[in-house]
Amino acid sequence: MGEKHQEATQKCLAFSAGVDRTVEGYEGLIAAQQCLPNNTVRDNFAAEYSVLGRLWCVFHANWTPIPRQTGHSFHVNLDSRSVA
């Protein structure tokens with residue numbers, strides 16, 4: 001199952017190959033969106049992302065965003081029972 005999660009992640013990342021992932025905010029979003037130039041590509045990405053989302057829910061059933069004091073607005077809290 002873990003291999004499927006990794007495969008799904010790689011398929012989603014392939015849609016934005018070449019995008020500088022260190023660029024944040026609006027500029028990073030625009031760069032990623034430019035990798036989805038038409039409805040066919042967007043639909044293909046959406047299908048792959050849907051698979052990744054379902055796998056995420058299976059692997060991280062107890063995921064909850066919780067406030068964080070520095071840096072980002074939230075971080076991932078995984079209950080040890082949910083890690084496969």
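Small disclaimer: the values here were computed from a predicted structure and weren't measured. The numbers attached to residues start from 1 for each chain and follow its sequence in the written order. This being a predicted model, a pLDDT of at least 70 is required before a residue's local features are given, and a value of 80 or more before pairs of side-chain atoms are given or counted; all residues contribute to the totals for chains, interfaces and linings. With hydrogens and water set aside, each side-chain value is computed from the structure's full complement of heavy atoms.

A. View of the layout of surface pockets. For cavity detection a 1 Å grid was placed over the protein atoms alone, and a set of points counts as a cavity when a 1.4 Å probe fits there but cannot get out; an open set counts as a pocket when protein lies on both sides within 12 Å along at least five of seven lines, with lining residues being those that have an atom within 4 Å of a point. Grid points are joined across faces, edges and corners, and a volume is the space filled by probe spheres set on the points. Estimates place the volume of the largest pocket at around 350 Å³. If you go around the largest pocket, you meet 19 residues; those closest to its centre are Cys-12, Ser-16, Arg-21, Ala-32 and Phe-45. Those elements that place two or more of their residues in the lining of the largest pocket are α1 (2-14), α2 (25-33) and α3 (39-59). Among the elements that make up the lining of the largest pocket, the one with the highest residue count is α2 (5 residues). For this classification, Asp, Glu, Lys and Arg are treated as charged, while Ala, Val, Leu, Ile, Met, Phe, Trp, Tyr, Cys and Pro are nonpolar and the rest, including Gly, are polar. Residue composition of the lining of the largest pocket, by class: 12 nonpolar, 5 polar and 2 charged. Counting from the N terminus, the helices are the DSSP runs of H or I reaching at least four residues and the strands are the DSSP runs of E reaching at least two.

B. Spatial organisation of the environment of Val-19. Position of Val-19 relative to the elements: it lies in the loop between α1 and α2. When the C-alpha positions of Val-19 and Cys-35 are compared, they lie 8.4 Å apart, and in sequence the two are 16 residues distant. Residues are treated as being in contact if the distance between any of their heavy atoms lies within 4.5 Å. For Val-19, the residues in contact, after removing those within four places along its chain, are Ala-31, Ala-32 and Cys-35.

C. Structural context of the confidence of the model for the protein. The predictor rates its confidence in each residue with pLDDT, a number between 0 and 100. Averaged over every residue, the pLDDT of the protein is 79; the share at 70 or more is 70%. The weakest mean pLDDT in the protein belongs to strand β2 (residues 74-77) at 44; the strongest belongs to α2 at 92. Throughout residues 72-84 the model reports pLDDT below 50, and contacts reaching past four residues in sequence, or to other chains, amount to 28 contacts.

D. Representation of the packing of aromatic side chains. Whether two aromatic rings pair depends on their centres lying within 6.5 Å, for rings of Phe, Tyr and Trp, where Trp uses its six-membered ring; planes under 30 degrees apart make the pair stacked, over 60 edge-to-face, and the rest tilted. Considering all chains together, one arrives at 2 aromatic pairs under this definition. Relative to Phe-45, the ring of Phe-15 has its centre 5.4 Å away and its plane inclined at 75°; by these criteria the two rings are edge-to-face. You can see Phe-15 sitting in the loop between α1 and α2 and its partner Phe-45 sitting in helix α3, a full 30 residues away along the chain. Cluster of aromatic residues (ring-pair linked, three or more members): Phe-15, Phe-45 and Tyr-49.

E. Region of interest: α3. Under the convention used throughout, the expected extent of a helix is 1.5 Å for every residue step, that is, one less than its residue count. The end-to-end C-alpha distance of α3, which contains 21 residues, comes to 30 Å, matching closely the 30 Å that a straight helix rising 1.5 Å per residue would cover. What α3 keeps buried is the set Leu-52, Leu-55 and Phe-59. Burial along α3 is one-sided: seen end-on, the buried residues are contained in an arc of 55°. Opposite the buried face of α3, at more than 90 degrees from it, the exposed residues are Asn-39, Asp-43, Arg-54, Cys-57 and Val-58. Structurally, α3 contributes buried residues whose contacts are with α1. At the N-terminal end of α3, a side-chain oxygen is found 3.1 Å from the backbone nitrogen of Thr-40, two or three residues along, and the residue is Asn-38. Classification of residues uses two cut-offs on accessible area relative to the type maximum, computed with a 1.4 Å probe and protein chains only: under 20% is buried, over 50% is exposed, and between them is partly exposed. The directions considered for the arc run from the helix axis to the C-beta atoms. Any pair of nitrogen or oxygen atoms within 3.5 Å is treated as a polar contact; in protein, a donor-acceptor pairing is required on top of that, and neighbouring residues in sequence qualify only through side-chain atoms on both sides.

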